[in-house]
Amino acid sequence: MTADTADRTGGTGGDEGTAARRREQRGWYFYDFACSVYSTSVLTVFLGPYLTSVAKAAADAEGFVHPLGIPVRAGSVFPYAVSVSVVLAVLIMPLAGAAADRSGRKKPLLTVAAYVGATATTGMFFLDGDRYLLGALLLIVANASLAVSMVLYNAYLPQIAAPDERDAVSSRGWAFGYTSGALVLVLNLVVYSGHDSFGLSESDAVRVCLASAGLWWGAFTLIPLRRLRDRRIAPSGEGAVGSGWRQLVATLRDMRRHPLTLSFLLAYLVYNDGVQTVISQASVYGSEELGLDQTTLITAVLLVQVLAVAGALGMGRLARTYGAKRTILGSLAVWTLILAAGYFLPAGEPVWFYCLAAGIGLVLGGSQALSRSLFSHLVPRGKEAEYFSAYEMSDRGLSWLGPLVFGLAYQMSGSYRDAIISLVIFFGLGSVLLARVPVRRAVAAAGNPVPDRI
């Protein structure tokens, strides 16, 4: 194979046939299938309301808990823990990305991150009574582990898919994730709604649902670990972990040579902060502000999962016609309308909450999948894990600001409506920043072939 041909394959390698590449892609999809149940069942549905109730059980007469002697409103414990988890992820992700790029061994690092997260999630079975600190700790560990594992998982995309395949491959990965999320939510709904027939209390049912997400995550991670392969590189002669921070500084300096890539990351940082906050706080908003029961929240998120599969695949097709950038911009406009509508939702009216969930489902998967595939075109060859660690900081690692603002707004006002309306600015500003990025020039500046439509 000529060097030109190798470039057009996106670095998939001359010794890899189409069948081998497709097999590896199918294995790659299954990590989304494995870990997405954490994002749906744990982070989006059960843990927010449940941890809030546990914190309220430990609160004083004024509704405050006092971790480390600091007064914190019980309703702010969950968003604050999310913020702490992503700050921790910021500290670890550069080390993981540097270690993966220096050693060429992403898979062992992916294994550690995935199983630490799965173990912490399974441990949520023991969250009961007033153990809100245990719940916050397990959330911090699981959320940070997921972020680190996604750095390594996403870094495989440029290696297993040619440039003109990446929108479709990335969208299929998200579709696999939403499929598993929907399937597990159906099982959760059966367990939760029928907990009496299973001899479980409502609290027991929630803890079973939380722990089962960890078991699912660990079990299905075995599939990508069997099919993905590491690409050998020449040893650098320097310890990867010991050089992690030096590598991070070098990465940031190197990214200054690709200002258009940095411009996209800044835009993604802003609008994705809004996306991640909506995902993590939706159930708390539904239960605490709108007064909806847990069954309504589960079925609403199940609706999101079902429609997100169609949304991810449908927006992948739109990107082939209009380009990924224009399709993402359209989705951000829809996100803005969704949040504005969410502010005015009447309490105790499940139908309107379902309508909002349907809108979220149609844009959620596509906006995330296309952002990932678009960024993959902007990464210089041989620096995939390193650059995807920066991307993951934008995806999860720096998405602490939205939950922090959400928590502070509630801390000061006591109203979740005031908290949710503040998120509109993330989508508005993110749209403006993304619109200013000349993506074709950015791809060429990174030294990658420019697809016909992007």
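Note that the structure is predicted; figures quoted are calculated from it, not measured.

Chemist: Quick question: what am I supposed to make of the nonpolar core here?
Modeler: Within soluble globular proteins, side chains that are nonpolar generally end up buried alongside one another. Ranked by internal contacts, the top residues of the largest apolar core, which has 128 residues, are Trp28, Tyr31, Leu47, Leu139, Trp217, Phe264 and Trp335. Ranked by residue count, the leading element in this core is helix H2 (residues 18-58), at 17 residues. For Tyr31, the residues in contact, after removing those within four places along its chain, are Leu110, Ala114, Ser149, Met150, Tyr153, Trp217, Thr221 and Pro224.

Chemist: Looking at this structure, how should I read the side chain of Ser145?
Modeler: Summarising the element assignment, Ser145 is placed in helix H5 (residues 132-154). Apart from the residues within four sequence positions on either side, Ser145 is in contact with Ala113, Val116 and Gly117.

Chemist: Sorry, what's going on with a nonpolar patch on the surface here?
Modeler: A contiguous nonpolar surface patch, about 220 Å² in accessible area, is contributed by Leu88, Leu91 and Ile92. Take Leu88: it is sitting in helix H3 (residues 77-103). Leu88 gets classed as partly exposed once you look at its relative accessible area, which sits at 30%.

Chemist: I'm lost on helix H16 (residues 401-413) in this one. Help?
Modeler: One turn of the α-helix equals 3.6 residues, which is why residues spaced by three or four share an orientation. Compared with the 18 Å implied by 1.5 Å per residue over 13 residues, the 18 Å span of H16 between its first and last C-alpha is a close match. Lining the buried residues of H16 we find strand E2 (72-73), H3, helix H11 (259-289), helix H17 (416-421) and helix H18 (424-435).

Chemist: How should I be thinking about the packing of H3 against H5 in this particular structure?
Modeler: Relative placement of two packed helices is described by the angle separating their axes and the distance separating the axes. Two numbers describe how H3 lies on H5: the axes approach to 7 Å, and their chain directions differ by 35 degrees. Between H3 and H5 lies a crossing of right-handed hand.

Chemist: Whenever I open this one, the pattern of salt bridges confuses me. Can you help?
Modeler: A side chain with one charge can pair with a side chain of the opposite charge if their charged atoms come near. For the coordinates displayed, the defined rule picks out seven salt bridges. Salt-bridge contacts for Arg22 lead to Glu165; the nearest nitrogen and oxygen are separated by 2.6 Å. In this pair, Arg22 is assigned in helix H2 and Glu165 in the loop between helix H6 (157-160) and helix H7 (166-193), connecting sequence segments 143 residues apart. Overall, the relative accessible area of 31% leaves Arg22 in the partly exposed class.

Chemist: Where do I start with the packing of aromatic side chains in this structure?
Modeler: By convention here, two paired aromatic rings are described through the distance between centres and the angle between planes. Using the criterion set out here, one finds 18 aromatic pairs in the structure. Measuring from ring centre to ring centre gives 4.4 Å for Trp28 and Tyr153, while their planes differ by 15 degrees; the resulting arrangement is stacked. With Trp28 in helix H2 and Tyr153 in helix H5, this pair connects stretches of sequence that are 125 residues apart. In this structure Trp28 comes out as buried when scored by relative accessible area, which is 0%. For the pair Tyr268 and Tyr271, a centre-to-centre distance of 5.4 Å together with 90 degrees between the ring planes defines the contact as edge-to-face. Placement of both Tyr268 and Tyr271 in helix H11 is noted, with a separation of three residues, approximately one turn of the helix. The same class applies to Tyr268 as to Tyr271, namely buried. Stacked on the ring of Tyr156, the Lys or Arg Lys106 has its end atom at 5.3 Å from the ring centre.

Chemist: Whenever I open this one, empty space enclosed by the protein confuses me. Can you help?
Modeler: Over the atoms rolls a probe the size of a water molecule, and in doing so it shows where empty space is left. Under the defined criterion, the tally for this structure stands at four cavities of 30 Å³ or more. Space inside the largest cavity adds up to approximately 510 Å³. Forming the walls of the largest cavity are 35 residues, and the residues nearest its centre are Thr44, Val278, Ile279, Ile360 and Leu364. Sorting the residues of the lining of the largest cavity by element identifies H2, H5, H7, H11, helix H12 (294-322), helix H13 (324-343) and helix H14 (350-376) as the ones contributing at least two each. A per-class count over the lining of the largest cavity returns 24 nonpolar, nine polar and two charged.

Chemist: I tried to follow the confidence of the model for the protein chain on my own but got confused; where do I start?
Modeler: Low pLDDT means the predicted atomic positions in that stretch should not be read closely. Per-residue confidence for the protein chain averages 84 on the pLDDT scale, and 89% of its residues sit at or above 70. In the model of the protein chain, helix H1 (residues 3-8) stands out as the element of lowest mean pLDDT, 36, in contrast to helix H8 (residues 202-220), which has the highest, 96. Counting contacts from residues 1-16, a segment whose pLDDT is below 50, to residues more than four positions away or on other chains yields 32 contacts. The model gives residues 235-243 a pLDDT under 50, and that stretch makes eight contacts with residues more than four places away or in other chains.

Chemist: What's the story with the side chain of Arg417 in this structure? I'm lost.
Modeler: You can see Arg417 is positioned in helix H17. Beyond its immediate stretch of four places on either side in the chain, Arg417 contacts Tyr285, Glu289, Leu290, Gly342, Tyr343, Phe344, Leu345, Pro346 and Ala347.

What counts as what
- Residues numbered from 1 in each chain as written.
- Predicted model: local features only at pLDDT ≥ 70, side-chain atom pairs only at ≥ 80, totals over all residues.
- Heavy atoms only, no water.
- Core = buried A, V, L, I, M, F, W, Y, C linked by side-chain atoms within 4.5 Å.
- Buried < 20%, exposed > 50% of the residue type's maximum accessible area, 1.4 Å probe, protein only.
- Helix = DSSP H or I, 4+ residues; strand = E, 2+ residues; numbered from the N terminus.
- Contact = heavy atoms within 4.5 Å.
- Patch = residues over 30% accessible without salt bridge, like charges linked within 9 Å, V, L, I, M, F, W, Y side chains within 5 Å.
- Areas by Shrake-Rupley, 256 points an atom, 1.4 Å probe, with all protein chains shown as cover.
- Salt bridge = Lys/Arg side-chain N within 4 Å of Asp/Glu carboxyl O.
- Expected span 1.5 Å × (residues − 1).
- Axes fitted to C-alpha atoms, helices over the stretch in contact; angles between N-to-C directions.
- Left-handed = near helix turned anticlockwise from the far one by under 90°.
- Phe/Tyr/Trp six-rings, centres within 6.5 Å; stacked < 30°, edge-to-face > 60°.
- Lys NZ or Arg CZ within 6 Å of the ring centre and 35° of its normal.
- 1 Å grid on protein atoms, 1.4 Å probe; cavity = no way out; pocket = protein on both sides within 12 Å on 5 of 7 lines; lining within 4 Å.
- Points joined across faces, edges and corners; volume = space filled by probe spheres on them.
- Nonpolar A, V, L, I, M, F, W, Y, C, P; charged D, E, K, R; others polar.
- pLDDT = per-residue confidence, 0-100.

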